[in-house]
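Understanding the architecture of this molecule
Residues per chain are reported as follows:
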Amino acid sequence: VQLQAFGGGLVQAGDSLRLSCVASGRTLSGYAVAWFRQAPGKEREFVAARSRSGGYTYYEESVKGRFTISADNAKNTTYLQMNGLKPEDTAVYYCAAGRGVITSSTRNSEAYDYWGKGTLVTVSS
C-alpha cells in the first residue's frame, strides 16, 4: 500500500482545512487508517483514526469536536476535516494504515504498517 497525504497549507486561526490520504496499490478495505502529527521539536502524536471496519472513530482529546475523520471507499481515500484550527495544530500531518490495528493499539504509531509522506499545516495566530 502506498499512501499520499496532501491538503496542508498556511491558514489563520479559526480557519478550516481538509487533508486527504490517497491509497494506491490495494484497497484500504480492512485497514485501520489514522492521522498522526509532529510539531517542530516534538514527538509524533496521534490525532484521529478510523477502525478497520470503518464503524468506529477515535480522536485525540484536543481535536475532539473540531476534527473529523472520514473515508470515501470508492476513491480509496481517507479525509481529515479540520475546523477551528489553532496555532497549536501546526505540524506535519501523516496518514498511516494497518491491518493488525486493534482498539487498544489504535493510538500507537507502531501498530501501523504503511505511512505516507507528511503534509505541513501551519496555523497563524
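See above for the structure.
First things first, this report covers the structure right here in the doc. Keep in mind that this is a model prediction, so the values were computed, not measured.

**Regarding the state of the cysteines**
A covalent bond bridging the sulfur atoms of two cysteines is what the word disulfide describes. Evaluation of the coordinates by the stated rule reveals 1 disulfide. The disulfide partner of Cys-21 is Cys-95, and the S-S distance across this bridge is 2.2 Å. Taking the sign of the S-S torsion, about 70° here, the bridge from Cys-21 to Cys-95 comes out right-handed. Here Cys-21, found in strand S3 (residues 17–24), pairs with Cys-95, found in strand S9 (residues 91–98); they are 74 residues apart in sequence, far enough to count as distant. Overall, the relative accessible area of 0% leaves Cys-21 in the buried class.

**Some points on the pattern of salt bridges**
Using the criterion set out here, one finds 4 salt bridges in the structure. For Asp-89, the salt bridge goes to Arg-37, with nearest N and O atoms at 3.0 Å. A residue pair is termed long-range when its members are at least 10 positions apart, and Asp-89 in the loop between strand S8 (77–82) and S9 and Arg-37 in strand S4 (residues 32–38) qualify at 52 residues. Each member of the pair Asp-89 and Arg-37 is classed as buried. Because the salt bridges share partners, they merge into one network encompassing Arg-37, Glu-45, Arg-66 and Asp-89.

Rules behind the numbers
Residues numbered from 1 in each chain as written. Predicted model: local features only at pLDDT ≥ 70, side-chain atom pairs only at ≥ 80, totals over all residues. Heavy atoms only, no water. Disulfide = S-S within 2.5 Å. Helix = DSSP H or I, 4+ residues; strand = E, 2+ residues; numbered from the N terminus. Buried < 20%, exposed > 50% of the residue type's maximum accessible area, 1.4 Å probe, protein only. Salt bridge = Lys/Arg side-chain N within 4 Å of Asp/Glu carboxyl O.

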